Amino acid sequence: MTVSEQIKVLCVRSNISVAELARRVGTTPQNLNARMKRESFTISELETIAEAVGCKFERYFVLQDGEKI
């Protein structure tokens with residue numbers, strides 16, 4: 001699943017539109033949609049998106065033994 005698909009699912013599960021998410025993170029719906037088409041998000045932006053809907057964004061690599069880095 002792409003990051004953009006994950007963001008869309010997040011919006012559905014949070015009962016908000018992508019346009020509302022854009023407003024909450026301080027951008028325009030057009031800008032957020034353009035970024036979603038390009039799949040161009042920084043880790044910081046993903047953390048801001050998570051905060052905007054009241055959830056947590058976790059990033060890590062998981063090794064074959066289950067260790068998270």
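For the structure, see preceding data.
Note that this is a predicted model, so its numbers are computed, not measured. (Residues numbered from 1 in each chain as written. Predicted model: local features only at pLDDT ≥ 70, side-chain atom pairs only at ≥ 80, totals over all residues. Heavy atoms only, no water.)

A word on unusual backbone geometry
Formally: Numbering goes from the N terminus for both helices and strands, where a helix is a DSSP run of H or I of at least four residues and a strand is a run of E of at least two. For the exposure calls, accessible area comes from a 1.4 Å probe over protein chains only, and a residue counts as buried if that area is under 20% of its type's maximum, exposed if over 50%, partly exposed in between.
The backbone of Asn15 shows a phi angle near 60 degrees, a positive value even though the residue is not glycine. Within the secondary structure, Asn15 sits in the loop between α1 (3-13) and α2 (18-25). For Asn15, a relative accessible area of 72% puts it in the exposed group. Positioned with a positive phi, Glu39 is a non-glycine residue whose angle comes to about 60 degrees. Following the sequence through the fold, Glu39 ends up in the loop between α3 (29-38) and α4 (43-52).

Quick look at the state of the cysteines
Here is the rule we go by: Cysteine sulfur atoms are paired as a disulfide whenever they come within 2.5 Å of each other.
Within this structure, the stated rule accounts for 0 disulfides. We note that Cys11 lacks a disulfide partner, and the nearest cysteine sulfur, in Cys55, lies 10 Å from it. For Cys11, a relative accessible area of 1% translates into the label buried.

Section: the packing of α2 against α3
For the record, the criterion: Throughout, an axis means a line fitted to C-alpha atoms (over the contacting stretch in the case of helices), and angles, computed between N-to-C directions, take values from 0 to 180 degrees. These descriptions rest on fixed angle ranges, namely under 35 degrees for roughly parallel, over 145 for roughly antiparallel, 65 to 115 for roughly perpendicular, and the rest for oblique. Working rule for contacts: check all heavy atoms of both residues, and any pair within 4.5 Å makes them a contact. As a working rule, the residues Ala, Val, Leu, Ile, Met, Phe, Trp, Tyr, Cys and Pro are called nonpolar, Asp, Glu, Lys and Arg charged, and the rest polar, with Gly in that last group.
Following both chains from N to C, one finds α2 and α3 inclined at 105 degrees, their axes separated by 8 Å at the closest point. By the angle between their axes, α2 is roughly perpendicular relative to α3. Facing Val18, Ala19, Leu21, Ala22 and Arg23 of α2, the residues of α3 in contact are Pro29, Leu32, Asn33 and Met36. Partitioned by chemical class, the residues of the contact of α2 with α3 number 7 nonpolar, 1 polar and 1 charged.

Brief notes about the environment of Glu45
Selection criterion: The term polar contact refers here to a pair of N or O atoms within 3.5 Å; inside protein, the definition further demands a hydrogen-donor-capable atom paired with an acceptor-capable atom, and it admits residues adjacent in sequence only when both atoms are side-chain atoms.
Along the chain, Glu45 falls in helix α4. Glu45 sits in the partly exposed class, given a relative accessible area of 26%. Considering only alpha carbons, one finds Glu45 and Val25, 20 residues apart in sequence, at a separation of 8.7 Å. When sequence neighbours within four positions are dropped, the list of residues in contact with Glu45 reads Arg35 and Ser40. Among the polar contacts made by the side chain of Glu45, one reaches the side chain of Arg35 at a distance of 2.7 Å.

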